[in-house]
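Architecture and fold: a report
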Amino acid sequence: MSTSLLYHAFGIMGYFYQSTRYIASAIVIAIKEDQWCLRCPVCRNRNVSCRGKVTRRFRTIPIGQKAVYIDLPVQRVECSECQAVRQVKVRFADERKGYTRAFERLVLEFSRHMTIRAVARYLGVSWDLVKEI
């Protein structure tokens, strides 16, 4: 898989492809962010210090009948300008969401033609998640 496929298939740009794992009926794609593009999420300053990482898993659009997840180590940074210590923003997902914007668009498109229960069953997610979107 290439970085180009991440962009064209899943709408993920500005990240680098690392590896793919196949777990049961799911595909897990590991990506990483370019360390030179790190900015403070508050003031957008480039002069930041790294303060650890937390790996987050995002649900994205399926490939056939297989669920696809994106694993991304999200960097915590400390800004030298505003002194904020925060995680950098993930560009392909909204804050506090476990799914990508592409997955959200897919759910909305399916919801125009199917019931909430049918969309949830087809995508293998909870009814509450579809209702929230």
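Read on for an overview of the structure.

Quick notes on the rules
- Residues numbered from 1 in each chain as written.
- Predicted model: local features only at pLDDT ≥ 70, side-chain atom pairs only at ≥ 80, totals over all residues.
- Heavy atoms only, no water.
- Helix = DSSP H or I, 4+ residues; strand = E, 2+ residues; numbered from the N terminus.
- Buried < 20%, exposed > 50% of the residue type's maximum accessible area, 1.4 Å probe, protein only.
- Contact = heavy atoms within 4.5 Å.
- Pairing = 2+ DSSP bridges.

Structural notes on the overall build of the protein chain
Helix and strand counts for the protein chain stand at 4 helices and 5 strands. Counting from the amino terminus, helix and strand elements in the protein chain follow one another as α-β-β-β-β-β-α-α-α. Referenced to the eigenvectors of the C-alpha coordinate spread, the extents of the protein chain come out at roughly 50 × 30 × 25 Å. Counting the 133 residues in the protein chain, one finds 35% classified as buried. Across the protein chain, every contact between residues at least 6 apart in sequence was considered, and the portion connecting residues at least 24 apart equals 50%.

Description of the pairing of strand E4 (residues 66-79)
The side chains of a regular strand alternate between both faces of the sheet. Bridge count between strand E2 (residues 26-33) and E4: 5 bridges; the pairing is parallel. Within the sheet, the bridge partner assigned to Ile 27 lies in E4 and is Val 68. Relative to E4, strand E3 (residues 48-63) runs antiparallel, the two sharing 12 bridges. Of the residues in E4, the one forming a bridge with Phe 58 is Ile 70. With antiparallel pairing between neighbouring strands as the criterion, E3 and E4 make up a hairpin whose turn holds 2 residues, including Gly 64 at a positive phi of roughly 65 degrees.

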